[in-house]
Every structure is written in structure tokens, then in C-alpha cells.
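What follows is each chain in one-letter form.
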Amino acid sequence: MHFMTTKTRITNSFVRIVLILFLLPLLLTGEEIISPQAPLSIYLTWVADPSTTMVVQWISGAPEEAAFVHYRKDQPEAPLESAQAAHNPFPEEQPYYVHKASIMGLLPDTTYRFTIDGYSEEHLFLTMPKALDSPISFIIGGDTNLSNLHIFDETNQQAASQNPAFVVIGGDLACAASNNPKKKEDCNRWLEWLEHWYQQMKTKDGRIIPLLVTIGNHEVKGGYGQTPEQAPFFYHLFASPGERGYTTLRFGTYLSLYLLDSGHTHPTGGEQSQWLAQEMSKDSKMLNRIAVYHVPAYPDVRPYRNTYSSAIRRNFVPIFDTYRLHIAFENHDHAYKRTFPLTSDRTDPLGVVYIGNGSWGVKPRIPKKPSRTMYLDKTMSARQFCKITLSATEREVTAIKYDGSIIDQFSQPVDSVALQQRLQQERLNRKKWEDA
Ligand SMILES: [Fe+2]
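Residues numbered from 1 in each chain as written. Predicted model: local features only at pLDDT ≥ 70, side-chain atom pairs only at ≥ 80, totals over all residues.

*Asks:* I tried to follow the overall build of the chain on my own but got confused; where do I start?
*Replies:* Along the backbone of the chain there are eight helices and 22 strands. Taken over the C-alpha atoms alone, the chain extends approximately 120 × 55 × 40 Å along its principal axes. Across the 436 residues that make up the chain, the buried fraction comes to 42%. Considering only contacts within the chain whose residues lie at least 6 apart along the sequence, 69% involve residues at least 24 apart. (Helix = DSSP H or I, 4+ residues; strand = E, 2+ residues; numbered from the N terminus. Buried ≥ 20, exposed ≤ 12 C-beta atoms within 10 Å, placed from the backbone. Contact = placed C-beta atoms within 7 Å.)

Pasting the structure below:
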């Protein structure tokens, strides 16, 4: 039998008093002790109709089994609904988990509030409209790189301040993988990237801006000609573009986004180009056809004949030309460029404009002068992204630097308006000829 001595009793009472004194205020005032505000990172994406679905992903240090996302329309008395999340451990035995909840059956163009089990903070997301009744804007850029956190943050903040509906990053996100196929990825770079992205990519009213991505050479151990197993973090962290590595995301009848793999974990030819041709053949009536991928068909820093750009021109460009892609957003060269509209490498008013070249989070390189090539209309050594605004009659692209200054702008009429303009011009030409 155990008997407490007076000294033990006094010590125990003292401990109890100390515990009550310290814990009571916390229990009374805070959920802090019960649930932290937010996980390390929350990010949103889409794998299906962006007007009626949302994928909520987050990162934590625990499996959080049977966690739910609770959401409701941002209106008083709106009923609360829930979606269960799946969780997956990080690759390469890192002590973190990625969680994913797919929400379906949402209303288009509607703001929702949501919370995640175990965390107190409330967040907002907005679904996309079903039709283009009023203009929408989104941002496409690439090469966030994380070589310098300050410049990554600076460009992020400028992009978020533009209030985009969503952002697409065309590869080389955290640059966590090395060219050595046997070297492990740098997990801390991914964590830092996701944490900073979550903190900064919110609009002024607190809405989290959805993220779409394509793979770049620095997401892959070995860079080029590898398999998805060599890019474990990319494929574990991002629900889109999914296991196949490339996908089409369709927004009603107003936008098809082709998110492609420029030869890192899937060859650009063969299955991927056959798939691309099939996908684009379904989209002849789509108001806007836009592709995003990492390695440029039309470089502005590297040589025109470099192996990887030549493969894009051989395998993707003829399909773009056949099915009339409107704009291709390219990356990897770290300097701004816009080509003339091109068909089969030649200037053609009905051709594809190739734009971008990825300088979101990098010190920009010095590009070639347009006068030194047949295809470049404009180049600039600038840290930038592109803002795309779609309306019922035109698509407008504005290249914006990290400080908000505009470095380039161009617009294209949608196909039906372009056709009317051509017919009208032909009528005017005919009249001129007849009157002469
Ligand atoms: Fe790259």
C-alpha cells in the first residue's frame, strides 16, 4: 500500500494550483490549445468542372484520419455541408502528410466559406462562372524557382493584388529536384514554397486563389525523359494534372486549358501528342483554347535548335496549328517574350501566339533581340507574369512586372468576331477594287 507523505501532498497541491492558474485562462479564452488556427499550407485546385467543384488540399505533420472539410455558401443561414478528406504521407519518408478533399455539386460563380477539422480558421473560395456573362481574369506564369524567397514573395503579392480567379504556374515551382536522378528531393524547399504560397496567394477579401500547375525539369530527378516515379513530390502534392501528367480543364464553353508535360516524365510525342490531338479536336467551338507547359517551342534565351524546344515544335506545334490553339504559355528561359502569331514557324495572322518564358521568382536573363530572330515580336529582361482577361468578344493578355508596371499588352478577337472582321475587310477591299 502506498501512503502519501505530507510533503508529497503539498507538492501535488502546488502542481495542481500551478496547472489551474496556467491552463484555466487558456481553456477559457482560446481554441489555441484545442485546435491550431491553420495547417502549414492550404491550397485549392480543380480536376473537374471549375464551376461546380473544388479540391481542397492541405499539409500537416499528422495523418488526421477521417478529417472533413466543412463548407457553406457565404450567406446567412446557408446549410453546412461536409466532404471527407483522404491523406497520404509525403514521399521519401518525410514526416508530413498531404490531405485532399474533393467537393462536388457546388453552385457556379458562388463564394463559399470553409473550415478544416482540427483547425479554427475559416477560409473562402469562389467557383468559376458557367458562362462568360461578364469578363474573367486569371494569371499564368512560371519558374517561381524559390532561389530567393524575397523575390518569390514580391511577385506573389503583386499577382494576388490583381484579384485573379486562379493562377497557373508552368513548371519549376520549388526547384526541389536535382539533375542527379539518384539524389533525394529537398523537402524543405517544397514546404517553404507551399507555406509562402498559402500565406500570400489570397485576395484582399480573404479568398484563397486556386492553383493549377504543370511539371518542369526541376520537379524531376534527372530533369528530362524520366518517369513519374522520379517526380514523387510533384505527383503527391498536386491533384492536378494527375497521375497521367497532362490534362485538359474545361470551363463551360469559354475556356479549354491544356496543361502539358514538356518531356519531363512523359515524352511529348507518342501517347501525349495523340491525346492532345484528340482533346483539341473536341474543342472547335470553344471560345478560348490555351496551352501551358514548361519548355518553350520558341526560346528567347536558349538556342532555337536546342533538343527540347525542337521536340516541342515537332510534337506539339503541328497539333496547335491544326486545331487552332489561340495562345501557348511557355516558360523555362527566364526572360519575357511574345512571338508573332505563327503557323508552321511562319508569321500568320491566324496563327498561335507563344508568350511567357517563365520569370516569376528568378533574376531575369537577357533575351535575344527580336531583330535577331524570325519569330520574336517582343522580348524583355523582366521578372513578370501574364494576366489574361476573357470577355465574350476578345481575349486580352497583359504582361505585368513584380512591381505592377505593364511591359506588354495584346488582344485577339474571339473566332466569330475575327471572322466577321475578315469578311468585312474583304467586302471593303472588293468595293475599293470595283470603284477604282
Ligand atoms: Fe526549367
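*Asks:* Is there a simple way to explain the nonpolar core in this structure?
*Replies:* Across soluble globular proteins, you tend to see nonpolar side chains buried next to one another. Counting 108 residues, the largest nonpolar core has V56, V167, A291, V292, A328, F329 and C386 as the members making the most contacts within it. Residue contributions to this core reach at least three from each of two domains, namely domain 1 (35-130) and domain 2 (132-420). (Core = buried A, V, L, I, M, F, W, Y, C linked by C-beta atoms within 7 Å. Domains from an automatic or database assignment.)

*Asks:* So what exactly am I meant to see when it comes to the sheet that holds strand β13 (residues 289-292) here?
*Replies:* Whether parallel or antiparallel, the strands of a sheet pair through hydrogen bonds between backbone atoms. Taken in spatial order, the seven strands line up as β11-β12-β13-β14-β18-β15-β19 in an open sheet, and their pairing is mixed. Each end of this open sheet is capped by a strand with a single partner; those strands are β11 (247-251) and β19 (376-380). Strand-to-strand twist of the sheet, defined as the mean angle between neighbouring strand axes without regard to direction, takes the value 15°. (Pairing = 2+ DSSP bridges. Axes fitted to C-alpha atoms, helices over the stretch in contact; angles between N-to-C directions.)

*Asks:* Teacher, can you tell me more about the pairing of strand β12 (residues 255-259) here?
*Replies:* The side chains of a regular strand alternate, first on one face of the sheet and then on the other. In terms of burial, β12 is a largely internal element, five of the five residues being buried. Two elements, β11 and β12, share five bridges in a ladder whose sense is antiparallel. Looking at β12, one finds that F251 is bridged to L255. Turn length for the β11-β12 hairpin, with the two strands adjacent in sequence and antiparallel, is three residues, and the turn residue G252 shows positive phi of about 50°. In this sheet, β13 lies alongside β12 in parallel orientation, the contact comprising four bridges. Directly across from L257, in β13, lies its bridge partner I290.

*Asks:* Could you clarify how one ought to interpret the domain arrangement of the chain in this entry?
*Replies:* It is common to give the size of an interface as the accessible area that goes away when the parts come together. You can read the domains of the chain as domain 1 (35-130) and domain 2 (132-420). Listed by partner, the interface residues are 27 residues for domain 1 and 29 residues for domain 2. Of all the elements in the fold, those that place two or more residues in the side of domain 1 that touches domain 2 are β1 (41-45), β2 (54-60), β5 (97-103) and β7 (123-126). In terms of residue count, β1 provides more of the side of domain 1 that touches domain 2 than any other element does, five residues in total. Broken down by class, the residue content of the side of domain 1 that touches domain 2 amounts to 17 nonpolar, seven polar and three charged. (Nonpolar A, V, L, I, M, F, W, Y, C, P; charged D, E, K, R; others polar.)

*Asks:* Quick question: what am I supposed to make of the confidence of the model for the chain here?
*Replies:* Low-pLDDT stretches of the model should not have their predicted coordinates read in fine detail. Looking at the chain as a whole, its pLDDT mean stands at 91, while 92% of the residues score no less than 70. With pLDDT under 50 throughout, residues 1-33 is counted as low confidence; its partners more than four residues away or in other chains account for five contacts. (pLDDT = per-residue confidence, 0-100.)

*Asks:* Is there a simple way to think about the environment of W190 in this case?
*Replies:* Within the fold, W190 resides in helix α3 (residues 187-200). Along the sequence, W190 and A174 sit 16 residues apart, while their C-alpha atoms lie 5.7 Å from each other. Apart from residues lying up to four places away in sequence, W190 is in contact with A174, A176, F233 and L237.

*Asks:* Quick question: what am I supposed to make of helix α5 (residues 271-281) here?
*Replies:* The periodicity of an α-helix, 3.6 residues per turn, causes residues three or four positions apart to be oriented the same way. Every buried residue of α5 is accounted for by Q272, L276 and M280. All buried residues of α5 project into a common sector of 65° when viewed along the axis, lining one side. Set apart from the buried face of α5 by more than 90 degrees, the exposed residues are E271, Q274, Q278 and S281. Looking at the packing, one finds that the buried side of α5 touches β12, β13 and α7 (317-322). (Arc of directions from axis to C-beta.)

*Asks:* Could you clarify how one ought to interpret the pairing of strand β3 (residues 68-73) in this entry?
*Replies:* Here β3 pairs with strand β4 (residues 81-89) via four bridges, running antiparallel. Following the sheet pairing, H70 is matched in β4 by S82. For β3 and strand β6 (residues 111-116), the ladder comprises five bridges, and the chain directions are antiparallel. Counted as the bridge partner of H70 is T115 from β6.

*Asks:* Just checking my understanding: could you explain the sheet that holds β2 for this structure?
*Replies:* Reading across from one edge, β1-β2-β5-β4-β3-β6-β7 is the order of the seven strands in this open sheet, with antiparallel pairing throughout. A strand with exactly one partner marks an edge of an open sheet, and here the two such strands are β1 and β7. With strand direction ignored, the average angle separating the axes of adjacent strands in the sheet is 30°. Seen against the sheet, α3 touches β1 and β2 and runs at an angle of roughly 75° to β1.

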